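# Breakdown of the fold
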Amino acid sequence: MFVARSIAADHKDLIHDVSYDFHGRRMATCSSDQSVKVWDKSESGEWHCTASWKTHSGSVWRVTWAHPEFGQVLASCSFDRTAAVWEEIVGESNDKQRGQSHWIKRTTLVDSRTSVTDVKFAPKHMGLMLTTCSADGVVRVYEAPDVMNLSQWSLQHEISCKLSCSCISWNPSSSRAHPPMIAVGSDDSNVMYGGKVQIYEYNDNTRKYAKAETLMTVTDAVHDIAFSPNLGRSFHVLAIATKDVRIFKLVPLRKESSSTGPTKFEVQIVAQFDNHNSQVWRVSWNITSTLLASSGDDGCVRLWKANYMDNWKCTGILKGDGSPVNGSSGQPGAMNTMVGSAVQTSQNALNGSAAGRYFFPPLDAPRAGSRYGHLLPPPSLIEHSDAQFSPHSQPLNTLPEHD
Amino acid sequence: MEKMSRVTTALGSSAISGRTMFCHLDAPANAISVCRDATQVVVAGRNIFKIYGLEEEQFVEKLNLRVGRKPSLNFSCADVMWHQMEENLLATAATNGAVVTWNLGKPSRNKQDQLFTEHKRTVNKVCFHPTEVYMLLSGSQDGYMKCFDLRKKESVSTFSGQSESVRDVQFSMKDYFTFAASFENGNVQLWDIRRPDRYERMFTAHTGPVFCCDWHPDDRGWLATGGRDKMVKVWDMTTNRAKEIYCVQTIASVARVKWRPERKWHLATCSMMVDHNIYVWDIRRPFIPFATFEEHKDVTTGIVWRHQHDPYFLLSGSKDSTLYQHMFKDASRPVDRANPEGLCFGLFGDLAFAAKESLISGDANRKPYPGGDRRYPIFFFKKPDLTEQFAHVSSALSVFESSLESKRMDWFVKTARLYLLSGKSFAELCDHNAKVAKELNRPQVSTTWTMLRIMFSDPANLSTPGPNHIGKLGTLPLMNSFSMKEMGMGTESRLDRSKGESRQDNIHLELGNSLINNICPTAENEETEGSEGQAEYMFGDAELDDDDLYSMEHDNQAAEEQEYTLPQEAFPLRHEIMDNPLAPEHLQQDKADSPQASGNEAEVMCLTPIESFSLISISQPLFSPHLPAPFFCPVVREMLSHYAEQGDVQMAVSVLIVLGDRIRKEIDDLTQEHWYMSYIDLLQRFELWNVSNEVIKLSTCSAITCLNQTSTTLHVNCSNCKRPMSNRGWICDRCHQCASVCAVCHHVVKGLFVWCQGCSHGGHLEHVKNWLKSSSHCPAGCGHLCEYT
């Protein structure tokens, strides 16, 4: 049950990226029209464009916010081979009266010889660090040694990935047990070149990033990659947008204290969905990493959620223009999936089967159906999901998410 | 017109074919030009002047025009042009200012024909008239343009650019007498070759030098110009004032611009600096190149379409000493790699989504039929589609806001605000938090809290039960009466209460009863043993929890698993019932307390322990012999990890704090720290600064607690002598008095201090607040009428 709020973005070309800030009250969009726009949410929930300015002399591929501790700071990267860092200036100006804020360029990172395809700030606990990746296959890690001075960035690391890079993701885990880690995706379309997702890990001894893992099973072009927020997990979860949506789990294997090499991981693929039936362009995790959203060439956003068994299911489909996806709109595949998942979920509910971890006393056999009808959905689902799974629920001619 | 058709037939009869190919030159190229029938290309540079044959698979060197033992500077070419009508005729612009023509028909090795040395400096450009065989135009760094009649030894006319260097000259396709010239000062001039005295028209096209210009081949009067300002502009020259109709922003200065044959909107550009690629732009979509050729390793210096009516072959020469033939089908299409969608999850579960409009509205390119669209001959079904699709794009931006509370993050915020983490007894905290979770419709979490309380209500902590209990009875007479009633009448009162408290239906209630009855015998036995335990027997609340349990069972999570982890299920059940009776009082009390609770735990602290002890005192005799709390630790540890893995680090941290030492040893420090960090980060995201601070305060990890000690410095002045306090204590070492004493309680204020701006007296926020409720005078007795707003 999502309400779509359409925003007249007024970009003159494709929008390539949208990004929420840390507190979820601001949003930045970037477009091929070489501009970045910043949107602020008003009290009433409306989004207002409070800044729009030309940032690059080429398509702006990505825009990302820094942690607010460092100020209101944006980074953008572009086809024009540069990445730039922007800071909002608060001060007296006529702009303020028009509700426009002023962003000024703090630095331009010009090390790349090719299009800079992604830019990401490192997790806050690492300080003010910025990573870029470019079409020539180089990942660069910059650091602002003085967080008060955003115009000084030093190039700390250059990692050569050999393949044209399209996206990067920092492992957001703040645990000291997890060394800094970057996943890099390549949009090289030659399936012969093997794994398109590489994972690099920082080695404290060598003070370099070293390749820890290549996901050899991902052979098609990767368009987006996202580590899930790690709120106290011992393992990492990585979502990948390629020709389908994939979710990988990386479980660090215990390493001997003496070894200095990169951490070894047990890589498990936990889900793979081709429901988009086309290229998947974006994946994004919610803040608690319980929901994954993906968007593909079919113009739909799909929401994925795991049950307690780590079984991932589609829990919603959102059409880009906000219109409901229903049976008549020619999405038979999606429908089947939804029916399937609904049935399966309810079976799970009925079986209440073996593998779950539970922390309350077992009770007698399931009681009369009389209470069942108005029982709440399972707690594991109810907090985040509106998936209706009751076996008595309506015929699924419309998806419940789109009322 | 006749000529045109001839060319077309030529193209038709000998259709050009080939592939992307290249050859190494001996030296960097400065310019290239093709002959009319597109079979040969001439490459000119400082140290090279060669003609290559364009064959199917390769370039073949046909002729080296650079002959002689010691080639003169005349061979050092800045530009070259092959005549488009006379296939033996070439002209070069030399860097020494010479304009040279070459006749390939000459029998001798040296093909040099004419030599004009009228320019004083480098000639940047030579241009043959498109229809006039003997007319040649040159533009030079010295600021002059000269028109030559190749039948004469000297120039026929000279055009002065007023000492501005000329970068490019181009005869108009449309107008026989007109040519355009571009200058280093950013101007473009239009001249009539019959009037050398004065330009027809001049306009400023770019800021900085205009390196190149090109007339649209389709007689449109369109002129494209490219400059150092990285822009390509298209001008409509048919109007009175030159009008800029399109502007393409490239990423580097534009050295060459060439309209693509047969494609009205396309032009190719290359740069003389930084950027080695060749771009083909659709001027209607000026932001992203339609196609890119990325083969060159150094600056591309010359580009030319192989045939003036064939849009698929592009030739280029470069400083990297290569000559390339690019096939259009091998070009890279940046737009294909460009991401058409943006997607981001917001903090509150809202979802921002931007997508190419054609993706979300039309099914235009959604499901291409495998065999192509049958409406078009298979031959070119793709072409019109591609170009048109390319030109008109826009994105729609929308934000999906979840209307369901469950999907928003409200539960998190509310839970964070309402949970009590300290300031009360363990059992009360658990009960309170269980209730909070329940109210937020999170039965699993609620049950977990209840379970925790049962497991860990620590019997070892027993203090003298008697007085405590009396204290409790005294403070809560209402509760007590309830309890007494309960003791006497058991089921009935239970019924009432459960009805009142939770809307349970009868089935459930009965089940609850039977369950209770099962256990009752033992419970009652023990009850009689315990001194005052019976007073606590209130089943109503037990059922509340039972309710949770039952609903859990329908959950798709497994109930059976429980048996593995908790084989002694009898214990928890029993204890639950034993313990629950206390809950209602806390619930009532919590309601009163919770709003301020997080703010001033200190005060709550001094009120509550009494009650908590009473609870403990009762439970102790029941299970202390059987159930050491550590027994549960592995289970709890696993549970916390489970919650953390499920994304509910809130639960993990809250439990960690509430359990405190009971569990702390069981979980390694790194994990704890990770949980704390994650939770604090989340809280800060939601701007729950108070809660975050409380968590930091309550945490036991040194890495966490030190968060509050970094980058915060408090400078305190003594309130008596008004001097800075140098030491860390609360006593000023100058006047030896306690600084900032509360006017009400006369103790040092170490937290929030509120003072009256009128009389400057003040003290603990709570104290002053309370004081001013009853009195309007200053608590210090100074007589000032203070006001708290």
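Residues numbered from 1 in each chain as written. Chains lettered and ligands numbered in written order. Predicted model: local features only at pLDDT ≥ 70, side-chain atom pairs only at ≥ 80, totals over all residues. Heavy atoms only, no water.

### Here's the deal with the overall build of chain B
When helices and strands are tallied, chain B shows 24 helices and 33 strands. Here chain B, with 789 residues, has 56% of them falling under the buried criterion. Sequence-distant contacts, at least 24 apart, represent 52% of the contacts inside chain B between residues at least 6 apart. Looking at chain B as shown, the accessible area adds up to about 34400 Å², and 52% of this sits on carbon and sulfur atoms. (Helix = DSSP H or I, 4+ residues; strand = E, 2+ residues; numbered from the N terminus. Buried < 20%, exposed > 50% of the residue type's maximum accessible area, 1.4 Å probe, protein only. Contact = heavy atoms within 4.5 Å. Areas by Shrake-Rupley, 256 points an atom, 1.4 Å probe, with all protein chains shown as cover.)

### Quick notes on the confidence of the model for chain B
Residue and element names in this part refer to chain B. The pLDDT averaged across chain B works out to 73; a share of 69% of its residues lies at or above 70. Across chain B, the secondary-structure element scoring lowest on mean pLDDT is helix 8 (residues 465-475), at 37, and the one scoring highest is strand 18 (residues 210-215), at 94. A low-confidence stretch, residues 363-384 (pLDDT under 50), is modelled with 15 contacts involving residues beyond four sequence positions or located in other chains. The model gives residues 460-625 a pLDDT under 50, and that stretch makes 258 contacts with residues more than four places away or in other chains. Both scores are given for the predicted complex: the pTM is 0.73, the ipTM 0.79. (pLDDT = per-residue confidence, 0-100.)

### Focus on the packing of aromatic side chains
All names here are of chain B. All told, the structure shown has 35 aromatic pairs over all chains when counted by the stated rule. Between Trp222 and Trp259, the aromatic rings sit 6.2 Å apart at their centres with planes inclined by 40 degrees, giving tilted as the arrangement. Residue Trp222 is found in strand 19 (residues 222-227), and its partner Trp259 is found in strand 22 (residues 254-259); the two are separated by 37 residues along the sequence. Each member of the pair Trp222 and Trp259 is classed as buried. Each ring, one from Tyr419 and one from Trp449, has its centre 5.4 Å from the other, and the planes form 85 degrees; the classification is edge-to-face. In this pair, Tyr419 sits in the loop between helix 5 (410-418) and helix 6 (426-439) while Trp449 sits in helix 7 (residues 443-456), placing the two residues 30 residues apart along the sequence. An identical accessibility class is assigned to Tyr419 and Trp449; each is buried. Taken together, the ring pairs in this structure connect Phe159, Phe171, Phe179, Trp191 and Tyr199 into an aromatic cluster. (Phe/Tyr/Trp six-rings, centres within 6.5 Å; stacked < 30°, edge-to-face > 60°.)

### Considering the sheet that holds strand 20 (residues 231-236) of chain B
Residues and elements named next belong to chain B. If you trace the 4 strands from one edge of the open sheet to the other, you get 18-19-20-21, paired in antiparallel fashion. Two strands bound the open sheet, and with one partner strand each, they are strand 18 and strand 21 (243-249). In this sheet, adjacent strand axes meet at a mean angle of 20 degrees when their direction is disregarded. As judged from the 5 bridges shared by strand 18 and strand 19, these two strands associate in the antiparallel manner. When the bridges of strand 19 are listed, Cys212 appears paired with Gly226. (Pairing = 2+ DSSP bridges. Axes fitted to C-alpha atoms, helices over the stretch in contact; angles between N-to-C directions.)

### Thoughts on unusual backbone geometry
Residues and elements named next belong to chain B. Although it is not a glycine, Lys230 sits at a positive phi angle of roughly 70 degrees. Relative accessible area serves as the criterion here: at 32%, Lys230 is assigned to the partly exposed category. You will see that Val274, though not glycine, has its phi angle at about 65 degrees, which is positive. The residue Val274 is located in the loop between strand 23 (266-271) and strand 24 (278-282) in this model. With relative accessibility at 52%, the residue Val274 sits in the exposed group.

### Brief notes about the packing of helix 21 (residues 669-685) of chain B against helix 22 (residues 689-698) of chain B
Residue and element names in this part refer to chain B. With their axes 8 Å apart at the nearest point, helix 21 and helix 22 run at an angle of 160 degrees to one another. Relative to helix 22, the element helix 21 lies roughly antiparallel. Crossing geometry of helix 21 relative to helix 22 is assigned as left-handed. Listed contacts from helix 22 to Tyr676, Tyr679, Ile680, Leu683 and Gln684 of helix 21 are Trp689, Val691, Ser692, Val695, Ile696 and Leu698. For the contact of helix 21 with helix 22, the class distribution of residues is 9 nonpolar, 2 polar and no charged. (Parallel < 35°, antiparallel > 145°, perpendicular 65-115°, else oblique. Left-handed = near helix turned anticlockwise from the far one by under 90°. Nonpolar A, V, L, I, M, F, W, Y, C, P; charged D, E, K, R; others polar.)

### Some words on the pairing of strand 11 (residues 135-140) of chain B
When a strand is regular, its side chains alternate between the sheet's two faces. Residue and element names in this part refer to chain B. Summarising burial for strand 11: 6 of the 6 residues are buried, a large majority. Along strand 11, one buried face is formed by Met135, Leu137 and Gly139 and the opposite face, lined by Leu136, Ser138 and Ser140, is buried too. In sequence, strand 11 turns back onto strand 12 (residues 144-149) through a hairpin of 3 residues, with Gly143 there showing a positive phi of about 95 degrees.

### Digging into the UniProt feature "repeat: WD" (unreviewed entry) in chain A
Residues and elements named next belong to chain A. Mapped onto the present numbering, the UniProt feature "repeat: WD" (unreviewed entry) falls on residues 8-40 and 273-305. Secondary structure across residues 8-40 comprises 0% helix and 55% strand; the distance between its end C-alpha atoms is 14 Å. Taken end to end, residues 273-305 has its terminal C-alpha atoms 12 Å apart, with 0% of it in helix and 58% in strand. (UniProt positions renumbered as here; feature names shortened; annotations may be inferred.)

### Thoughts on the UniProt feature "repeat: WD" (unreviewed entry) in chain B
Residues and elements named next belong to chain B. With numbering matched to this structure, UniProt assigns "repeat: WD" (unreviewed entry) to residues 116-158 and 203-245. Overall, residues 116-158 shows 0% helix and 53% strand. The separation of its end C-alpha atoms is 13 Å. End C-alpha atoms of residues 203-245 are separated by 14 Å, and the span's content is 0% helix alongside 53% strand.

### A look at the sheet that holds strand 14 (residues 165-170) of chain A
All names here are of chain A. Across the sheet, which stays open at both edges, the 4 strands sit in the order 14-15-16-17 with antiparallel pairing between neighbours. Because the sheet does not close on itself, it has two edges, and the strands there are strand 14 and strand 17 (208-215). For this sheet the average axis-to-axis angle between neighbouring strands, irrespective of direction, equals 25 degrees. Of the strand pairs in this sheet, strand 16 (residues 197-203) and strand 17 are connected by 7 bridges, and their pairing is antiparallel.

### A look at the confidence of the model for chain A
Considering every residue of chain A, the mean pLDDT works out to 78; 75% of them sit at 70 or more. A low-confidence stretch, residues 326-403 of chain A stays under pLDDT 50, and its non-local contacts, those more than four residues away or across chains, total 170 contacts.

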